[in-house]
Amino acid sequence: MQKRITDILAIMTIPESVSCAIFDPSRTAILLIKRRDVPVWVLPGGGIDPGESPEEAAIREIVEETGLTVKIERLVGIYSPINRLARLTHLYECAPLSGALVTSPETQGVAFCPLTSLPKLIPPPYPEWIADAQRIVPPIHKHLTSVTYRCLIKNLFLHPILIIRFLLARAGLTINT
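Residues numbered from 1 in each chain as written. Predicted model: local features only at pLDDT ≥ 70, side-chain atom pairs only at ≥ 80, totals over all residues. Heavy atoms only, no water.

### Some remarks on the overall build of the protein
Piece 1. Looking only at helices and strands, one finds five helices and eight strands in the protein.
Piece 2. Ordered by position from the N terminus, the helices and strands of the protein form the series α-β-β-β-β-α-β-β-β-α-β-α-α.
Piece 3. A compact globule built from 177 residues should have a C-alpha radius of gyration of about 16 Å, and the protein, at 16 Å, falls within 12% of that.
Piece 4. Principal axes of the C-alpha set define a box for the protein whose edges measure 50 × 40 × 30 Å.
Piece 5. Within the protein, buried positions represent 41% of all 177 residues.
Piece 6. Accessible surface, the protein as shown: approximately 9,700 Å² in total, 63% of it carbon and sulfur. (Helix = DSSP H or I, 4+ residues; strand = E, 2+ residues; numbered from the N terminus. Rg over C-alpha atoms; globule rule 2.2 N^0.38 Å. Buried < 20%, exposed > 50% of the residue type's maximum accessible area, 1.4 Å probe, protein only. Areas by Shrake-Rupley, 256 points an atom, 1.4 Å probe, with all protein chains shown as cover.)

### As for the environment of G46
Piece 1. Of note, G46 is situated in strand β4 (residues 45-47).
Piece 2. We classify G46 as buried; its relative accessible area is 18%.
Piece 3. Placed 21 residues apart in sequence, G46 and P25 show a C-alpha to C-alpha distance of 24 Å.
Piece 4. In contact with G46, other than residues within four places in its own chain, are S17, V18 and E61. (Contact = heavy atoms within 4.5 Å.)

### Section: the pattern of salt bridges
Piece 1. One pass over the full model with this rule turns up 11 salt bridges.
Piece 2. Across the pair E128 and K142 runs a salt bridge whose closest N-O atoms are separated by 3.5 Å. Within this pair, whereas E128 is found in helix α3 (residues 126-134), its partner K142 is found in strand β8 (residues 140-143), the two being separated by 14 residues in sequence.
Piece 3. For E128, a relative accessible area of 21% puts it in the partly exposed group.
Piece 4. Residue R135 is joined to D132 by a salt bridge in which the shortest nitrogen-to-oxygen separation is 3.6 Å.
Piece 5. Classification of D132 by relative accessible area gives buried; the value is 5%. (Salt bridge = Lys/Arg side-chain N within 4 Å of Asp/Glu carboxyl O.)

### Things to note about the nonpolar core
Piece 1. Among the nonpolar cores identified, the biggest contains 41 residues, and I30, L32, L43, Y79 and W129 are the most heavily contacted of them.
Piece 2. When sequence neighbours within four positions are dropped, the list of residues in contact with L32 reads W41, V42, L43, G109, V110, A111, C113, L118, P119, I122 and I130. (Core = buried A, V, L, I, M, F, W, Y, C linked by side-chain atoms within 4.5 Å.)

### As for the side chain of D132
Piece 1. Examined against the element boundaries, D132 turns out to sit in helix α3.
Piece 2. Here the side chain of D132 touches Y79 through a polar contact of 2.7 Å, side chain to side chain.
Piece 3. Those residues within four positions of D132 in sequence are excluded, and the remaining contacts are R74, V76, Y79, I140 and K142. (Polar contact = N/O pair within 3.5 Å; in protein donor to acceptor, adjacent residues only side chain to side chain.)

### Structural notes on the packing of helix α4 (residues 149-158) against helix α5 (residues 160-170)
Piece 1. Two elements in contact, α4 and α5, have axes whose closest approach is 5 Å; the angle formed by their N-to-C orientations is 130 degrees. The angle between α4 and α5 falls in the class oblique. Here α4 contributes L152, N155, L156, F157 and L158 to the contact with α5, which in turn contributes P160, I163, F166 and L167. (Axes fitted to C-alpha atoms, helices over the stretch in contact; angles between N-to-C directions. Parallel < 35°, antiparallel > 145°, perpendicular 65-115°, else oblique.)

### Re unusual backbone geometry
Piece 1. Of note, the amide linkage connecting P124 to P125 takes the cis form, showing an omega dihedral of 10 degrees.
Piece 2. Within the fold, P125 resides in the loop between β7 (107-114) and α3.

Structure (structure tokens):
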């Protein structure tokens, strides 16, 4: 019982975020954004503000980053971090209601990308989340095992500028180009 309480308290202090999967009507393409601070393609989403529910955060983040108003179709899953590189993340599948795709101060690109030819620079855990969102199953709970310090170091050698920008963004020093 004490371990369960400790686990719950630990989760409550972990910063939380949301990510959203929006498929085209044929479910052959997914909406991705190209971030300004770290120029890689990812699912839209972001942090949950104080007093905001994960669902409210998902809807707000989509509008801010893409220009679309959406409705939440389902919770795909909740992903728990295994280190300080990630946040507890709620992944939702959403459907567009209105609006048009536009870039924002946070995005330099917004596009539906074919699932068969996703951009090369999609960092972990986004490929895993896209695969999970494609499956229509009850909500899952997983640990973010693809976001590791080992992966960070490997990518530091492969993409040093992107990793430095990622680390600066985590420290609150964003570069929006």
